[in-house]
Amino acid sequence: MEKKQTDSVQNRFTAYLMAAVANKRISYMEQRNRKKEKEYIQVDLMEKNHVDFEAQYHAYLAEQSLLFYFGDVEAWDNMLEIDSVQLAKCINRLNSRERKILFARVFGELNFKELGTKFGMEAKQAEMAYYYIIRKLRKGMGVGKDEF
Amino acid sequence: MNFEMLLERAKTGDKEAQEEIFRMYRPLLIKNAMDRNVFDEDLYQELSATLLNCIRKFRL
């Protein structure tokens, strides 16, 4: 009888302990996963923090020129493709209409007729406007005709 | 000595009784401290602490 009772106590204790251990194990695993996730995020941030400054500068220029001047988010990606800081600066100095023409021609790949229709002028005028912008950029870049 | 008495002694803080219970339940703790077939030392420590906690809190 006494043996039976002590067995029952032992069984109850074992069941109690098993439940407690299982709960502890789950909470430990969850905590560890959270910690790991946190570490991954921190590593990500660290990688993002030590960028090359040129990339950051481009992003900044793009932001300034696109959002400040005409708030056109469409051309955002185009600006990021420009890999020369000086060119980005020159484009930044163009006025909004000139920039739109340039992006439409270069990234939008429109021909002069389409360009003219889009900006309300003749194809010839659009061509002249485009080459005027290119000349302006060349001048800004300080290079000769053949180099650009 | 039966388990009930052992547990009573362990509850009062008897180190020997606690060790005896710890020896009995060690395999259970080790089994639960395995993570993908790798023994996790920290988890084992936590589970050992849980066992001592259970001894304290278990109502006879």
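Each remark here, short or long, concerns the structure printed above.
Residues numbered from 1 in each chain as written. Chains lettered and ligands numbered in written order. Predicted model: local features only at pLDDT ≥ 70, side-chain atom pairs only at ≥ 80, totals over all residues.

Asks: Report on the overall build of chain A, specifying residues and quantitative values.
Replies: Along the backbone of chain A there are seven helices and zero strands. Along chain A, helices and strands appear, N-terminal first, in the series α-α-α-α-α-α-α. Of all 148 residues assigned to chain A, the portion counted as buried reaches 11%. Long-range contacts, defined here as pairs at least 24 residues apart, represent 44% of the contacts in chain A between residues at least 6 apart. (Helix = DSSP H or I, 4+ residues; strand = E, 2+ residues; numbered from the N terminus. Buried ≥ 20, exposed ≤ 12 C-beta atoms within 10 Å, placed from the backbone. Contact = placed C-beta atoms within 7 Å.)

Asks: Got a sec to walk through the overall build of chain B? Specific residues and values, please.
Replies: Helices and strands together make up the secondary structure of chain B, namely three helices and two strands. Each helix and strand of chain B, placed in order from N terminus to C terminus, yields the pattern α-α-β-β-α. Here chain B, with 60 residues, has 22% of them falling under the buried criterion. Relative to all contacts within chain B whose residues are 6 or more apart in sequence, the contacts with residues 24 or more apart total 39%.

Asks: Before we move on, can you summarise helix α2 (residues 15–32) of chain B with the specific residues and values?
Replies: A turn of α-helix holds 3.6 residues, and therefore any two residues three or four places apart point the same way. Residues and elements named next belong to chain B. Between its terminal C-alpha atoms α2 stretches 24 Å, which fits the 26 Å expected from 18 residues at 1.5 Å a residue. The largest bend along α2 measures about 50 degrees and falls at tyrosine 25, with the proline proline 27 one to four residues further on. Turning to α2, its buried residues number three or more, namely Gln18, Ile21 and Asn32. (Expected span 1.5 Å × (residues − 1). Bend = angle between axes of the 7 residues up to and from the residue.)

Asks: I'd like to hear about the nonpolar core, residue by residue, with values.
Replies: If you look at the biggest cluster of nonpolar residues, it comprises 14 residues, and the most contacted ones within it are A:Leu17, B:Leu7, B:Ala10, B:Ile21, B:Leu47, B:Leu51 and B:Ile55. Where this core is concerned, the elements lending two or more residues are α1 (2–49) of chain A together with α1 (3–11) and α3 (41–57) of chain B. Considering each element in turn, this core owes the most residues, five residues, to α3(B). Beyond its immediate sequence surroundings of up to four residues, B:Leu7 is in contact with A:Val9, A:Phe13, B:Ile21, B:Ile55, B:Phe58 and B:Leu60. Formed by seven residues, the second largest nonpolar core is a distinct cluster that contains A:Ile91, A:Ile101, A:Leu102 and A:Ala126. (Core = buried A, V, L, I, M, F, W, Y, C linked by C-beta atoms within 7 Å.)

Asks: Please provide a residue-by-residue account of the interface of chain A and chain B, values included.
Replies: On the chain B side, the residues contacting the twelve residues of chain A number 16 residues. Its residues placed into classes, the side of chain A that touches chain B shows eight nonpolar, two polar and two charged. (Nonpolar A, V, L, I, M, F, W, Y, C, P; charged D, E, K, R; others polar.)

Asks: How would you sum up the packing of helix α5 (residues 96–106) of chain A against helix α7 (residues 123–141) of chain A? Please name residues and give values.
Replies: All names here are of chain A. Closest axis-to-axis distance for the α5/α7 pair is 10 Å, and the angle between their directions is 100 degrees. By the angle between their directions, the pair α5 and α7 is classed as roughly perpendicular. Across the interface between the two elements, Glu98, Ile101, Leu102 and Arg105 from α5 touch Ala129, Tyr130 and Ile133 from α7. Its residues assigned to classes, the contact of α5 with α7 shows five nonpolar, no polar and two charged. (Axes fitted to C-alpha atoms, helices over the stretch in contact; angles between N-to-C directions. Parallel < 35°, antiparallel > 145°, perpendicular 65-115°, else oblique.)

Asks: Pulling in residues and values, what's your account of the packing of α2(B) against α3(B)?
Replies: Residue and element names in this part refer to chain B. Interhelical geometry of α2 versus α3 gives an angle of 135 degrees and a closest axis separation of 10 Å. Comparing their axes, α3 and α2 come out oblique. Pair α2 / α3 crosses with right-handed handedness. Between α2 and α3, the residues in contact are Gln18, Ile21, Phe22, Tyr25, Leu29, Ile30 and Asn32 and Tyr44, Leu47, Ser48, Leu51, Leu52 and Ile55, respectively. When its residues are assigned to classes, the contact of α2 with α3 shows ten nonpolar, three polar and no charged. (Left-handed = near helix turned anticlockwise from the far one by under 90°.)

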